[in-house]
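So the chains spell out like this:
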Amino acid sequence: MEEEAKKNQWGYQVRTCSDACISAINAYYHQVLTYGRHRSVILEAIGHDKDCVLANILAAHFLASSNPTRALPHLRAAESRLEQATSYEKAVFVAVNSLFSENRDDDVCFELHSKLLKQFPKDLVSLKWAQVLCFYMGRPDLSLDLVQQVLPENKQESYMYGMLAFPLLELGRMEDAEKAARKALEINKQDLWGQHNLCHVLQNECLFKEAVEFMESCSSSWGSCSSFLLTHNWWHVAICYLEGHSPIQRVLEVYDQCIWKEVKRNDATLPEVYLNALALLLRVYVRGEIDLFKDRLNIVTSCVADQANWYLELHFDLLVLWALANANELSKAEDLLNGLKSRVTKMSHKKQQLMRKGLLLAEALYEYGRGNDKQALELLGPDFDANDYKMVGASDEQLDVFNEVWYCMLLNTGQAIKVIEVLKKRLEKRDGVPFLWRLLERAYNMEGMPEAKIAGEKAKVLETKYFK
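Please read all numbers here as calculations on a predicted model, not as lab measurements. (Residues numbered from 1 in each chain as written. Predicted model: local features only at pLDDT ≥ 70, side-chain atom pairs only at ≥ 80, totals over all residues. Heavy atoms only, no water.)

### Some words on the overall build of the protein
Alright, step 1. Along its length, the protein carries 24 helices and two strands.
Alright, step 2. The C-alpha atoms of the protein give a radius of gyration of 23 Å, which matches the 23 Å a tight globule of 468 residues would have.
Alright, step 3. Residue pairs in contact within the protein that sit at least 24 positions apart in sequence constitute 61% of those at least 6 positions apart.
Alright, step 4. Distance between charge centroids for the protein: 1 Å, based on 55 positive and 64 negative side chains. (Helix = DSSP H or I, 4+ residues; strand = E, 2+ residues; numbered from the N terminus. Rg over C-alpha atoms; globule rule 2.2 N^0.38 Å. Contact = heavy atoms within 4.5 Å. Lys, Arg positive; Asp, Glu negative; His and termini not counted. Charge placed at Lys NZ, Arg CZ, Asp CG, Glu CD.)

Below is the structure:
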């Protein structure tokens, strides 16, 4: 029966008689790896061969995030034909099916994906899915292990090096991450994930102007990518302008012309736009610049008040909680918060333990949005570090705004000594952000300490260093 199978782009056997089905599967692979906005092409594969196990598995995975009820029939269709499937298709089915388990155990899901990749190391889409799983587990170490496991089989794949760079970033191995990102771009300069990861490195090194120039030079290649990565890449550009103390008008222009503009596209995935919009607006708010953006914040808040945008991603829910509470939409904010708590109680005991921190951060952001800094600080505790909250599904760069919120709440409640202690350590590692020096200056001034003058002078120099 093997002769009835055809090979996919990785060279693995797929049971189908349809060349068009295989072409659609390969097109889907390309869309996933390039963060394309046409991943629905996988549904065409089923149109060409409704009995193809792999096509049904991939369709189920594609539909799972947006329409789970439509995903399950494809999963069952794949299961019903499993006896006729190739060994590769069976391995993919077992790995993907674990993601749909009622009492899902992420550790088991990871092990099944790892097993799949040991047998079929060229399947970079399964690697991508496994990395996404690790991301939501808050385990970049496991993500890196997987990439290194399959790297010998994929040394000429640009996508491989972008996928190598990201966990290195999250583990703080910036020099190695930069090498991997540049290797990705050496093979394919339009590797969007490679571009994104190099931007992370430049930001971390406080090379804000260089990061902006690099990303703006790449931006012509982003037109066909997903709403998430398109607006997320522009979010990075806006954050560079913000951290580099450019005129705030530049940040506003990026928001209007490059992030919010995406909502006008007919094929936009709106929650992905709202996520990056709110992520930028919270940064602006923390810096005391929200007045210029007030109308924009009101518009996004009215959009995310719609429950259709809730419970898609915990990171997104955190931002929505802040926005609703800040807009005094307390009833809706409480509904969202209570809904999050209810969902966590239905998870396995192991997952509940992991998500406990995420719920505390959710409650804290609700209180912060209401202006209750004291209550928010009690929830977060005296040793808060946002990097310990990776399980909410956010990178270190995305999480950092919650550190900034914490610093500001400490200052607002008179805890300047704590801020001095934390910021001195922080600035030893990354001393090029003027905003942090201004916070330190404020803390010193609150305590009447002469070091305020030095911190202020440092901030002033940095405020004119990056953008004129």
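### Considerations on the layout of surface pockets
Alright, step 1. Empty space within the second largest pocket amounts to approximately 790 Å³.
Alright, step 2. Lining of the second largest pocket is provided by 24 residues; of these, Asn387, Asp400, Asn403, Arg426 and Lys429 occupy positions nearest its centre.
Alright, step 3. The set of elements that each furnish at least two residues to the lining of the second largest pocket consists of helix 9 (158–170), helix 11 (192–204), helix 21 (396–412) and helix 22 (416–429).
Alright, step 4. In the lining of the second largest pocket, the residues fall into seven nonpolar, five polar and 12 charged. (1 Å grid on protein atoms, 1.4 Å probe; cavity = no way out; pocket = protein on both sides within 12 Å on 5 of 7 lines; lining within 4 Å. Points joined across faces, edges and corners; volume = space filled by probe spheres on them. Nonpolar A, V, L, I, M, F, W, Y, C, P; charged D, E, K, R; others polar.)

### Re the pattern of salt bridges
Alright, step 1. Taken as a whole and assessed by the stated rule, the structure comprises 33 salt bridges.
Alright, step 2. A salt bridge links Arg283 to Glu404; the nearest nitrogen and oxygen atoms lie 3.6 Å apart. Here the residue Arg283 occupies a position in helix 15 (residues 270–286), and Glu404 occupies one in helix 21, the gap between them amounting to 121 residues. Glu404 carries the same exposure label as Arg283, and that label is buried.
Alright, step 3. Bridged by salt links that share partners, the residues Glu243, Arg283, Arg287, Glu397, Glu404 and Arg430 form one connected network. (Salt bridge = Lys/Arg side-chain N within 4 Å of Asp/Glu carboxyl O. Buried < 20%, exposed > 50% of the residue type's maximum accessible area, 1.4 Å probe, protein only.)

### Concerning the nonpolar core
Soluble globular proteins tend to bury their nonpolar side chains together.
Alright, step 1. By size, the foremost hydrophobic cluster in this structure holds 184 residues, and its most contacted members are Ile25, Leu278, Leu280 and Phe402.
Alright, step 2. For this core, the element with the most residues is helix 15, which contributes 11 residues.
Alright, step 3. Apart from residues no more than four positions distant in its own chain, Phe402 is found in contact with Leu282, His315, Leu318, Leu319, Leu361, Leu365, Phe384 and Ala386. (Core = buried A, V, L, I, M, F, W, Y, C linked by side-chain atoms within 4.5 Å.)

### Quick word on the environment of Asp123
Alright, step 1. Along the chain, Asp123 turns up in the loop between helix 6 (106–119) and helix 7 (124–137).
Alright, step 2. Each C-alpha atom of the pair Asp123 and Leu171 lies 24 Å from the other, and the pair is 48 residues apart in sequence.
Alright, step 3. In this structure, Asp123 is in contact with Trp10, Tyr12, Tyr88, Val92 and Leu117, ignoring residues within four places of it in sequence.
Alright, step 4. A distance of 2.7 Å separates the side chain of Asp123 from the side chain of Ser126, its partner in a polar contact. (Polar contact = N/O pair within 3.5 Å; in protein donor to acceptor, adjacent residues only side chain to side chain.)

### Focus: the side chain of Asn197
Alright, step 1. By the element assignment, Asn197 lies in helix 11.
Alright, step 2. Of note is the side chain of Asn197, whose polar atom sits 2.9 Å from the side chain of His196.
Alright, step 3. With near-sequence residues (within four places) excluded, Asn197 lies in contact with Gly162, Ala165, Phe166, Leu169 and Ala181.

### Topic: helix 4 (residues 68–80)
Alright, step 1. If you check helix 4, its first and last C-alpha atoms are 19 Å apart, about what 13 residues at 1.5 Å a residue would give, namely 18 Å.
Alright, step 2. Taken together, the buried positions of helix 4 are occupied by Ala71, His74, Leu75 and Ala78. Looking straight down helix 4, one finds its buried side chains confined to an arc of 105 degrees; they lie on one side. Facing away from the buried side of helix 4 by over 90 degrees, the exposed positions are Thr69 and Ser80.
Alright, step 3. In this fold, the buried residues of helix 4 make contact with helix 2 (42–48), helix 3 (53–64) and helix 5 (87–99). (Expected span 1.5 Å × (residues − 1). Arc of directions from axis to C-beta.)

### Description of the packing of aromatic side chains
Alright, step 1. A full pass over the atoms with the stated rule returns 20 aromatic pairs.
Alright, step 2. Centroid distance Tyr12 to Tyr88: 5.0 Å. Interplanar angle 35 degrees. Geometry classified as tilted. On the criterion of sequence distance, the pair formed by Tyr12 in the loop between strand 1 (5–7) and strand 2 (13–15) and Tyr88 in helix 5 is long-range, its members being 76 residues apart.
Alright, step 3. Taking the centre distance of 5.2 Å and the plane angle of 40 degrees together, the rings of Phe166 and Trp193 count as tilted. Of this pair, Phe166 sits in helix 9 while Trp193 is found in helix 11, placing the two residues 27 residues apart along the sequence.
Alright, step 4. Judged by its relative accessible area of 11%, Trp193 falls in the buried class.
Alright, step 5. Cluster of aromatic residues (ring-pair linked, three or more members): Tyr35, Phe135, Tyr136, Phe166 and Trp193.
Alright, step 6. Taking NZ or CZ as reference, Lys183 lies 5.8 Å from the ring centre of Tyr161, over its face.
Alright, step 7. Directly above the ring of Phe435 sits Arg287, whose terminal nitrogen or CZ lies 4.3 Å from the centroid. (Phe/Tyr/Trp six-rings, centres within 6.5 Å; stacked < 30°, edge-to-face > 60°. Lys NZ or Arg CZ within 6 Å of the ring centre and 35° of its normal.)

### Some points on the packing of helix 17 (residues 314–326) against helix 18 (residues 330–345)
To describe two helices that pack against each other, one gives the angle between their axes and the distance between the axes.
Alright, step 1. In contact at an axis separation of 8 Å, helix 17 and helix 18 are set at 155 degrees when each is read in the N-to-C sense. One element, helix 17, and the other, helix 18, form an angle in the roughly antiparallel class. Helix 17 and helix 18 meet at a crossing whose hand is left-handed. Taking contact as the criterion, the partners of Leu314, Asp317, Val320, Leu321, Leu324 and Ala325 in helix 17 are, on helix 18, Leu330, Lys332, Ala333, Leu336, Leu337 and Leu340.
Alright, step 2. Residues that form the contact of helix 17 with helix 18 fall into these classes: 10 nonpolar, no polar and two charged. (Axes fitted to C-alpha atoms, helices over the stretch in contact; angles between N-to-C directions. Parallel < 35°, antiparallel > 145°, perpendicular 65-115°, else oblique. Left-handed = near helix turned anticlockwise from the far one by under 90°.)

### Some remarks on the packing of helix 9 against helix 11
Alright, step 1. Taken N-terminus to C-terminus, the directions of helix 9 and helix 11 make an angle of 25 degrees; their axes are 9 Å apart at the nearest point. In terms of their interaxial angle, helix 9 and helix 11 are classed as roughly parallel. Classified by chirality, the crossing of helix 11 by helix 9 is left-handed. Here Gly162, Met163, Ala165, Phe166 and Leu169 of helix 9 lie close against helix 11, whose contacting residues are Trp193, Gly194, His196, Asn197, His200 and Val201.
Alright, step 2. Considering only residue class, the contact of helix 9 with helix 11 consists of six nonpolar, five polar and no charged.

As far as function goes, none of this settles anything; it's purely spatial.
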